[in-house]
Each structure stands twice: as C-alpha cells, then as structure tokens.
Amino acid sequence: MKIILDQRSCKCWDAPCESHFGWHFLREEITPVDCTTEITDDGQEALTFVIQDRDGSQKILVVDETNRGEASDSWRLAWEKQQAEGSS
C-alpha cells in the first residue's frame, strides 16, 4: 500500500501527528486523516509513505513488520533510522 501525506498545510502539531500516524495507518484498518492526499493499493505488504513534510522536503518511509512498532511510536524517528541504515 502506498500512502501520500501532505503536511505542509496541516494544522496538527508534531505530538498529535505522531499519535495519529500510528492510530490511523498502522492498525489493521487504514483510515485517512486531513493530510492524506492519496491511498493506493500497490499489492505490496509493506506500507510506503510519501510524506511532504512541513519543511518542504519529501520523506519516504517504508513500514513493515520489522519497524512497525518504531513507526507507531514516531514516524519521524523511524524515518531517521531508515535513512541512517540506508547510508551505512
């Protein structure tokens, strides 16, 4: 599944955003939130999030069973860890 989020105009600040992310996207039933622009079933088991961040950058986070708990706690920290692992 591919989920595109655009936070550039979202009024939700970071702490509730982290909570909403886990609650709305990492449970069995995916439910869109205000910043959701597209949800596409790409046939993949992993969830791929394309996040247009408030800072103007685009962040791609792939969530599977190995990092679901981390992403549920904080999508941003999970993304940072994924970036660090990808560059080592």
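Residues numbered from 1 in each chain as written. Predicted model: local features only at pLDDT ≥ 70, side-chain atom pairs only at ≥ 80, totals over all residues. Heavy atoms only, no water.

Caption draft 1: Inspection of the state of the cysteines at higher detail. Under the defined criterion, the tally for this structure stands at zero disulfides. Of the cysteine sulfurs around Cys10, a residue in no disulfide, the closest is that of Cys35, at 5.0 Å. The exposure class of Cys10 is partly exposed, given its relative accessible area of 23%. (Disulfide = S-S within 2.5 Å. Buried < 20%, exposed > 50% of the residue type's maximum accessible area, 1.4 Å probe, protein only.)

Caption draft 2: Region of the structure containing helix α1 (residues 14-25). For α1, built from twelve residues, the straight-helix expectation of 16 Å at 1.5 Å per residue is met to within 8% by its first-to-last C-alpha distance of 16 Å. Within the sequence span of α1, burial applies to Cys17, Glu18, Phe21, Gly22, His24 and Phe25. Contact partners of the buried residues in α1: β1 (2-6), β2 (36-40), β3 (47-52), β4 (58-63), α2 (68-73) and α3 (75-86). (Helix = DSSP H or I, 4+ residues; strand = E, 2+ residues; numbered from the N terminus. Expected span 1.5 Å × (residues − 1). Contact = heavy atoms within 4.5 Å.)

Caption draft 3: Region of interest: the sheet that holds β1. An order of β2-β1-β3-β4 is seen for the four strands of this open sheet, with the pairing classed as mixed. Looking along the sheet, the strands with just one partner apiece sit at the ends: β2 and β4. Averaged over all neighbouring strand pairs, the angle between strand axes comes to 15°, with direction disregarded. In terms of strand pairing, β1 meets β3 through five bridges, oriented parallel. Bridge assignment links Ile4 to a residue of β3, and that residue is Val50. The strands touched by α3 are β3 and β4; relative to β4, the strand with the most contacts, the crossing angle is about 90°. (Pairing = 2+ DSSP bridges. Axes fitted to C-alpha atoms, helices over the stretch in contact; angles between N-to-C directions.)

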